[in-house]
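What follows is the residue order along each chain.
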Amino acid sequence: MRKNTLHPSLFLPVLLPPAFPEAIERFLEDMARKGWFLEHLSYFPPLWRFEKREAASARYRLEAAPDTSRVPPLQMTELYAEYGWRYVAPLSHFFYVFAAETADAPEIHSDPLVQSRAYSRMLRSYGLFSLAILVLLGVFLAMPLYRPTFFITYPRLSLFLIGYFLFIAVLVLYPFFRLLRRKRLLARGHSLSHKGSYRSILLAEILLVILTLIFLTPAPGKLRAMDQENTLRLALAEVSAPLPYLPMETLYSTEEWIFPPYDSSDEYSGNYVTSQNSFLAPVYFSIHEQARDAENTVASYQTTFYGEFPSGLLAKAVSLELISHQKDFPGLSGKFQTTEETYALEGCGEARWQNILGRQILYLRREGRMLVVSYEGPADLREHIGEYASLFDETYFALA
Amino acid sequence: MAKKSMELLTETMFYVLMAFLKEERCGVDAAEYIRQKTHDRIQLGPGTLYTILAKFQEEGLLRETSVHGRKRTYRITDRGRQVYLEEVERLRRCLLDAEEENDSSQKEESL
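Residues numbered from 1 in each chain as written. Chains lettered and ligands numbered in written order. Predicted model: local features only at pLDDT ≥ 70, side-chain atom pairs only at ≥ 80, totals over all residues.

Caption draft 1: Region of the structure containing the overall build of chain B. When you go through chain B residue by residue, the secondary structure sums to four helices and three strands. Secondary structure elements of chain B, listed N to C terminal, follow the sequence α-β-α-α-β-β-α. Partitioning the contacts of chain B with sequence separation of at least 6, the portion at a separation of at least 24 is 44%. (Helix = DSSP H or I, 4+ residues; strand = E, 2+ residues; numbered from the N terminus. Contact = placed C-beta atoms within 7 Å.)

Caption draft 2: A look at the overall build of chain A. A tally of regular secondary structure across chain A gives eleven helices and 14 strands. Counting across all 400 residues of chain A, residues that qualify as buried make up 30%. Taking as baseline every contact in chain A between residues at least 6 positions apart, the subset at least 24 positions apart corresponds to 67%. (Buried ≥ 20, exposed ≤ 12 C-beta atoms within 10 Å, placed from the backbone.)

Caption draft 3: Geometry of the sheet that holds strand 2 (residues 62–68) of chain B. All names here are of chain B. Taking strand neighbours across the sheet as the criterion, the three strands line up as 1-3-2 in an open arrangement whose pairing is antiparallel. For this open sheet the edge positions go to strand 1 (25–26) and strand 2, each flanked by a neighbour on one side alone. Strand direction decides the pairing type here: strand 1 and strand 3 (residues 71–76), joined by two bridges, are antiparallel. Its bridge partner lying in strand 3, Cys-26 is registered against Thr-73. In this fold helix 3 (residues 46–58) packs onto strand 2 and strand 3, with an angle of close to 120° to the strand it touches most, strand 2. (Pairing = 2+ DSSP bridges. Axes fitted to C-alpha atoms, helices over the stretch in contact; angles between N-to-C directions.)

Caption draft 4: How the structure looks around the packing of helix 1 (residues 11–19) of chain B against helix 4 (residues 78–110) of chain B. All names here are of chain B. Between helix 1 and helix 4, the shortest axis-to-axis distance is 10 Å and the interhelical angle comes to 125°. One way to sum up the angle between helix 1 and helix 4 is to call them oblique. The two elements helix 1 and helix 4 meet at a crossing, and its hand is left-handed. Only Gly-80, Val-83, Tyr-84 and Glu-87 of helix 4 make contact with helix 1, whose side of the interface consists of Phe-14, Leu-17 and Met-18. Among the residues making up the contact of helix 1 with helix 4, the classes are represented as five nonpolar, one polar and one charged. (Parallel < 35°, antiparallel > 145°, perpendicular 65-115°, else oblique. Left-handed = near helix turned anticlockwise from the far one by under 90°. Nonpolar A, V, L, I, M, F, W, Y, C, P; charged D, E, K, R; others polar.)

Caption draft 5: Spotlight on helix 6 (residues 155–187) of chain A. With 33 residues, helix 6 of chain A extends 47 Å from end C-alpha to end C-alpha; this agrees with the ideal 48 Å at 1.5 Å per step. Downstream of helix 6 of chain A by a residue or two, A:Gly189 has a phi angle that is positive, lying close to 95°. (Expected span 1.5 Å × (residues − 1).)

Caption draft 6: View of the confidence of the model for chain B. Residue and element names in this part refer to chain B. Taken residue by residue, chain B gives an average pLDDT of 89. The fraction at 70 or more is 93%. With pLDDT under 50 throughout, residues 1–6 is counted as low confidence; its partners more than four residues away or in other chains account for five contacts. For this predicted complex, the interface confidence comes out at an ipTM of 0.85, alongside a pTM of 0.69. (pLDDT = per-residue confidence, 0-100.)

Caption draft 7: Structural detail: the environment of A:Ile356. Residues and elements named next belong to chain A. Inspection of the secondary structure puts Ile-356 in strand 12 (residues 350–356). Ile-356 sits in the partly exposed class, given 19 other C-beta atoms within 10 Å. Between the alpha carbons of Ile-356 and Glu-340 there is a distance of 8.7 Å; along the sequence they are 16 residues apart.

Caption draft 8: Just the interface of chain A and chain B, in detail. Between chain A and chain B, the residue contacts involve 22 residues of the former and 20 residues of the latter. With six residues, the single largest contributor to the side of chain A that touches chain B is helix 2 (residues 74–82) of chain A. Partitioning the side of chain A that touches chain B into residue classes produces twelve nonpolar, four polar and six charged.

Caption draft 9: Fine view of the sheet that holds strand 13 (residues 359–366) of chain A. Residue and element names in this part refer to chain A. Taken in spatial order, the eight strands make up an open sheet running 7-8-9-10-14-13-12-11, and their pairing is antiparallel. Single-partner strands in this sheet number two, and they are strand 7 (231–235) and strand 11 (338–342). The mean inter-strand angle of the sheet, taken between neighbouring strand axes irrespective of direction, is 10°.

Caption draft 10: Spatial organisation of unusual backbone geometry. All names here are of chain A. The backbone of Glu-367 shows a phi angle near 50°, a positive value even though the residue is not glycine. Following the sequence through the fold, Glu-367 ends up in the loop between strand 13 and strand 14 (369–376). Judged by the 14 C-beta atoms lying within 10 Å of it, Glu-367 is partly exposed.

Caption draft 11: Spatial organisation of the pairing of strand 2 (residues 36–41) of chain A. Residue and element names in this part refer to chain A. Two elements, strand 2 and strand 3 (residues 47–52), share five bridges in a ladder whose sense is antiparallel. Bridging from a neighbouring strand, Trp-36 pairs with Lys-52 of strand 3. Hairpin remark: strand 2 followed by strand 3, antiparallel, with five residues in the connecting loop.

Caption draft 12: Structural view of the environment of A:Leu208. Residues and elements named next belong to chain A. Mapped onto the fold, Leu-208 is located in helix 7 (residues 199–216). The partly exposed category is assigned to Leu-208, around which 15 C-beta atoms lie within 10 Å. Between the C-alpha atom of Leu-208 and that of Tyr-164, which follows or precedes it by 44 residues, the distance is 9.7 Å.

Caption draft 13: Structural view of the nonpolar core. Ranked by internal contacts, the top residues of the largest apolar core, which has 66 residues, are A:Leu38, A:Phe95, A:Val97, B:Val16 and B:Leu17. What A:Leu38 contacts, discounting residues up to four positions off in sequence, is A:Leu28, A:Met31, A:Trp48, A:Phe50, A:Val88, A:Ala89 and A:Val97. By size, the runner-up hydrophobic cluster in this structure holds 37 residues, among which are A:Ala281, A:Tyr306, A:Val373 and A:Tyr388. (Core = buried A, V, L, I, M, F, W, Y, C linked by C-beta atoms within 7 Å.)

Caption draft 14: Fine view of helix 1 (residues 21–33) of chain A. Residue and element names in this part refer to chain A. Taking 1.5 Å per residue as the helical rise, helix 1 with its 13 residues ought to reach 18 Å, and the 18 Å between its terminal C-alpha atoms agrees with that figure. Every buried residue of helix 1 is listed here: Pro-21, Ala-23, Ile-24, Glu-25, Arg-26, Phe-27, Leu-28, Met-31 and Ala-32. Those residues of helix 1 that are buried lie in contact with strand 2, strand 3, strand 4 (59–64), strand 6 (95–100) and helix 7. At the C-terminal side of helix 1, Gly-35 shows a positive phi close to 95°.

Caption draft 15: Main features of the confidence of the model for chain A. The predicted model of chain A averages 84 in pLDDT, with 94% of residues at 70 or higher. Ranking the elements of chain A by mean pLDDT puts helix 4 (residues 143–146) of chain A last, at 71, and strand 6 of chain A first, at 94.

Caption draft 16: Broad picture of the packing of helix 3 (residues 112–141) of chain A against helix 3 of chain B. The N-to-C vectors of helix 3 of chain A and helix 3 of chain B enclose an angle of 65°; their axes lie 9 Å apart at closest approach. Between helix 3 of chain A and helix 3 of chain B, the angle falls in the class roughly perpendicular. Read as a crossing pair, helix 3 of chain A and helix 3 of chain B show a hand that is left-handed. Every residue of helix 3 of chain B that contacts helix 3 of chain A at A:Val114, A:Gln115, A:Arg117 and A:Ala118 is listed here: B:Gly47, B:Thr48, B:Thr51, B:Ile52 and B:Lys55. Among the residues forming the contact of helix 3 of chain A with helix 3 of chain B, the class breakdown is three nonpolar, four polar and two charged.

Listed below in structure tokens is the structure:
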């Protein structure tokens, strides 16, 4: 029996995942040879506590947990102790660490088929754990499906996020399949190796930590800023190139209306155009007009044009998102009155008009092009649908 | 139809059932009995022994009868005895088939 005396302790941040039991066993044995014996470990934070004692060639084994309990059954620890194996600590919810500090303790498992049964139970809980994480990751990975406009507006940031989450998904799946392979080896009657290398695993884990730190640091913010740099904003009066919109004056007489000039220092200022060139939406325009009459009635008018999408499917996904987004405006109650009409226009895959609390929204889609008009004022957009559809006949280029 | 590998008794499982046929024992005594019976050929490790005892209790082949400190004693159940006898019969038939095959091979060689 071990003496209950005070020993110097060492806390090490160890990043060895439970999917590599043989590497962890080797690491603990190497530490014991240096006189450091594992006493406690935790994964969150990943700090393992070692006690300094006389160096010895101890053996460590990771035993598959029969259920998700963090504490092994008493019968288990007592029986193992009879054979010289001391229970040390749980390793996550999937393994228990046992140590034998004498050479005459027999190997824990003498029948691989029986050991494969213990692995099966552990794999069941590990599989459920992996599935839960993958479902959470799926929410992020499916982002281009339900937020295609974000993906188009911030392509670099989106690719970084998707790459990162895919990397995490691989890191979740790989250990599961690795443990499954070990279980199959056992089921075929092969004994498991206890001599795994841990240095390459530690390096990979450190790389993951670095990537995580990058993820948490301003790098995503910088990518977002780079994406935003692709967007050019100019006063509408300064642009002479043809723009994919119908000026407000073509909707109705604007002689009595005042169009305040664009003021770049005022974030609420109107009468400007933004243009963006991203690889998913090579020609993007957002044109904002704002006018005021003598009675100070404000007419606001915004036309958004997505041009030359690589596929009609992407255009359809964007239109679905925009329509769904507008339906949610200005709240989720759904109690406000909405009027909706759809039209069959030649050459247009989609033509839809909505009136939500006095704001008219018009969606037109032709192949890889999409036009969304949002307007609040005295005109009726339905009277100009043909003119909007003819905007698709022109060719537009992103502003330089 | 052949049973799946884990539904069959492994050699170790078979000997564990055998160890409890005549008397109640604790796990360590059963392992010692098997070691002696097989002339050191099968030496059970604690992990194998614990997994088999837990599985047999779960399936109703063994039953825990008493606990004295660390010592837990088990007894074979009627179902455990039946499973053991079925396995003996299966092995006996395997052996007979093998001997029959061996005899016919020897006769062919002598002809």
